Amino acid sequence: MKLDGKIPEGPLEQKWSLHKKNMKLVAPNNRRKYEVIIVGTGLAGGAAAASLAEMGYKVKSFCIQDSARRAHSIAAQGGINAAKNYPNDGDSVWRLFYDTIKGGDYRSREANVYRLAEVANNIIDQAVAQGVPFAREYSGLLANRSFGGAQVSRTFYARGQTGQQLLLGAYQAMMRQVQEGGVEYFPRHEMLEVVIIDGKARGIITRDLVSGEIVRHEADAVVLATGGYGNVFYLSTNAKNSNVTAAWRAHKKGALFANPCYVQVHPTCIPVSGDYQSKLTLMSESLRNDGRVWVPRKKGDDRHPNDIPDEERYYYLEERYPSFGNLVPRDVASRNAKLVCDEGLGVGETGLAVYLDFRDAIKRDGLDTISAKYGNLFDMYHNIAGENPYKQPMKIYPAVHYTMGGLWVDYNLMTNVPGLFATGEANFSDHGANRLGASALMQGLSDGYFVLPATIGNYLADEEIGKRYGTDHAEFEKAAGEAQAQIDKLLSIKGKRTIVDFHRTLGKIVWDNIGIARNAEDLKKAIKEIQELREEFWTNVYVPGEKNNYNKYLEFAGRVADFFELAELMAKDALDREESCGCHLREEYQSEEGEAIRNDEDFSYVAAWEYQGVNGELKEQLHKENLEFEFVELKQRSYK
């Protein structure tokens, strides 16, 4: 299989504009004759549904929640990047592009990343027009703050609720179209299969999560905007409903899965407190804008942090990376937190935490200023940890957050399956081996508002208007049968081990062996353990309840089944990539200081995997899309 990224010719700054100029169009009077299915209602899905319906297409929108407002995009806290250069500190579209591609450790496409930086300014204008309450300076200009991996302030924010406010903007735009009849809305529906007819995506199979009914939906194109797969680790910052099922079922129908080993571990999370936890809580990266990260210089120093003088504090990020200090990218900050804890300098009861201290910022700027910037985040920490961060440092530790891997897509956001598109975190395209903070919201809205509405017309223009196969077509029958068969199988096992127990055990295997650092021995061990646990799952899991009504256990059982297969692919991808890049740290390929060492000669490619079945082990074939760098110089990252 030859992978064609369909990257346009021409200068980097003109690729997107020239591509739009040359794309085929669908006339306004013909758009109402095409139907598009969009699975997911977060920023990427909600923005796409609103935009396509406004353009005149008939849209079907599917949401696993009871409301589109509960999509996981709501959890993003710190902000969204754009190169407006309001602070006049030297920012530009080119600098945003370069910081993003460098932050991803040169493992993403130049053209995609430049387009992302280019349209980011339009996103801010769109959001402001929708009434998103971004913070403002006294002058009235929108405020900016700094995030990791950049030496400028380019992050727009709404206190610590940026994701929620942006989602409400997309949600209200989408619900306007629901009211107008442009969007047919299906809450509490989970996609279980994609239907492919004559080589093209023509519909999906869903399960009504309330009634249990298996439902068939036909369309001219299918868009997956279903987020990432961080919950394979069991403990992550993701909502418990976040899952990989839609993307993985598409993968099993032929869509390539790219770079599954690229999983971002966020450095600023509230540490694990016990086995009872089902998820972890993120503290926004924006806190590193004013907070200083440190640990005691002496092992076993259990004094109250306020009693430890400056000369006995190890501000390790400031000492190791003087140019960026506490604002190094997430992978660098996470790796260094692990290193100091491995050296025995960690704090708290478990020793798996470091301090994030606002003492100096409060002294410098005043309590009111810090409260205005971060008050809701401080309140959230106080409620969860039982400690007042205004009076003593927060305790933080890295946790799984965002996944850079996802379905392979070309420049048009279409997978290798014609008619099947993937947007936002569900695709792999923009972040390489590590995502810079405040870029997730940027990509989701870029894809939904500006990219997909242009590129999907280029595909539909060649599709016969009004062509329908009918949901009684043999492929719909087959896909519906496959979905029902898995449900029946899960309910029939009647084993003795709970779904949560299997998921927790899988998550520990994945975290211990495919977490912040990886090595060949542990990855091989993980593959074997995953295979054995998966085999036991299919003979000993207990799924209570029935299929023809609301059954949360059944929902989670299907998702955990998919996580088992994905986890093995993640380990295989990490084992195959014999280099360190971004979040993928192979212990065999690092400097004496613990910095990642890339191998551009052998691994400057996108690893796109083709599903070939499961029989004891997962069978996958690797396809490579070589990454060509024409406009930036490849060099080892340095934030020192």
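These numbers come from a predicted model, not from an experiment.

**Brief notes about helix H3 (residues 43–55)**
Move 1: For H3, which comprises 13 residues, the first-to-last C-alpha distance of 18 Å matches the rise-based estimate of 18 Å (1.5 Å per residue) to within 8%.
Move 2: The buried fraction of H3 is high, at 11 of 13 residues.
Move 3: Taken together, the buried positions of H3 are Leu43, Ala44, Gly45, Gly46, Ala47, Ala48, Ala49, Ala50, Ser51, Leu52 and Ala53.
Move 4: Looking at the buried residues of H3, the elements they touch are strand E1 (35–39), strand E2 (58–63), helix H6 (162–180), strand E5 (183–187) and helix H12 (440–460).
Move 5: Directly beyond the C-terminal end of H3, a positive phi value near 115° is found at Gly56.

**Details of the pattern of salt bridges**
Move 1: This structure, assessed with the given rule, holds 55 salt bridges.
Move 2: Put simply, Asp66 and Arg70 hold a salt bridge, and the shortest N to O gap is 3.4 Å.
Move 3: Assessed through its relative accessible area of 38%, Asp66 is described here as partly exposed.
Move 4: We classify Arg70 as partly exposed; its relative accessible area is 49%.
Move 5: We note a salt bridge from Lys547 to Asp488, for which the minimum N-O separation is 3.0 Å. Pair noted here: Lys547 is in the loop between strand E20 (541–542) and helix H16 (552–576) and Asp488 is in helix H13 (residues 474–492), with a separation of 59 residues, a long-range link.
Move 6: One continuous salt-bridge network, built from bridges that share partners, spans Asp105, Arg107, Asp331, Arg335, Arg577, Glu579, Arg598, Asp600 and Arg637.

**Quick word on the packing of aromatic side chains**
Move 1: If you walk through the whole model with that rule in mind, you get 26 aromatic pairs.
Move 2: With a centroid separation of 6.4 Å and an interplanar angle of 55°, the aromatic rings of Trp94 and Tyr114 are classed as tilted. Of this pair, Trp94 sits in helix H4 (residues 93–103) while Tyr114 sits in helix H5 (residues 110–130), and the two are 20 residues apart along the sequence.
Move 3: Given a relative accessible area of 34%, Trp94 falls into the partly exposed group.
Move 4: Look at Phe502 and Phe564: their rings are 6.5 Å apart centre to centre, the planes differ by 75°, and that puts the pair in the edge-to-face class. Placement of Phe502 in helix H14 (residues 499–514) and of Phe564 in helix H16 is noted, with a sequence separation of 62 residues between them. The pair Phe502 / Phe564 is uniform in exposure class, with both members buried.
Move 5: Ring pairing ties together the aromatic residues Phe358, Tyr374, Phe378 and Tyr390, which thus form one cluster.
Move 6: Looking at Arg115, its charged tip hangs above the ring of Tyr411, at a distance of 4.0 Å from the centre.
Move 7: Here Lys489 stacks its cationic end above the ring of Trp538, 4.7 Å away from the centre of that ring.

**Overview of the sheet that holds strand E8 (residues 214–218)**
Move 1: Spatial strand order, E6-E7-E8: three strands in an open sheet with antiparallel pairing. The two strands at the open ends of the sheet, each matched to only one other strand, are strand E6 (189–197) and E8. Strand-to-strand twist across the sheet, computed as the mean angle between neighbouring axes with direction ignored, equals 25°.
Move 2: With five bridges joining them, strand E7 (residues 200–208) and E8 adopt antiparallel strand pairing. Residue pairing across strands places Ile204 opposite His217, the latter belonging to E8.
Move 3: Sitting on the sheet, H13 touches E6, E7 and E8, and the angle it makes with E6 is about 140°.

**Here's the deal with the domain arrangement of the protein**
You'll often see interface size given as the accessible area lost when the parts meet.
Move 1: The domain architecture assigned to the protein consists of domain 1 (265–401) and domain 2 (474–604).
Move 2: The C-alpha centroid of domain 2 is placed 30 Å from the C-alpha centroid of domain 1.
Move 3: Across the boundary between the two partners, domain 1 contributes 10 residues, which contact 10 residues of domain 2.
Move 4: Summing the contributions of domain 1 and of domain 2, the shared interface buries around 860 Å²; its carbon and sulfur component is 61%.

**A look at the sheet that holds strand E13 (residues 313–314)**
Move 1: Spatial strand order, E11-E15-E14-E12-E13: five strands in an open sheet with antiparallel pairing. Each edge of the sheet is formed by a strand with only one pairing partner; in this case those strands are strand E11 (263–269) and E13.
Move 2: Where strand E12 (residues 292–296) and strand E14 (residues 354–357) come together, three bridges link them in antiparallel fashion. When the bridges of E14 are listed, Val293 appears paired with Leu356.
Move 3: On top of the sheet, helix H9 (residues 330–342) reaches E11, E12, E13, E14 and strand E15 (394–403); it is set at about 65° to E11, its chief contact.

Conventions adopted
- Residues numbered from 1 in each chain as written.
- Predicted model: local features only at pLDDT ≥ 70, side-chain atom pairs only at ≥ 80, totals over all residues.
- Heavy atoms only, no water.
- Helix = DSSP H or I, 4+ residues; strand = E, 2+ residues; numbered from the N terminus.
- Expected span 1.5 Å × (residues − 1).
- Buried < 20%, exposed > 50% of the residue type's maximum accessible area, 1.4 Å probe, protein only.
- Contact = heavy atoms within 4.5 Å.
- Salt bridge = Lys/Arg side-chain N within 4 Å of Asp/Glu carboxyl O.
- Phe/Tyr/Trp six-rings, centres within 6.5 Å; stacked < 30°, edge-to-face > 60°.
- Lys NZ or Arg CZ within 6 Å of the ring centre and 35° of its normal.
- Pairing = 2+ DSSP bridges.
- Axes fitted to C-alpha atoms, helices over the stretch in contact; angles between N-to-C directions.
- Domains from an automatic or database assignment.
- Buried area = accessible area lost by both parts, 1.4 Å probe.

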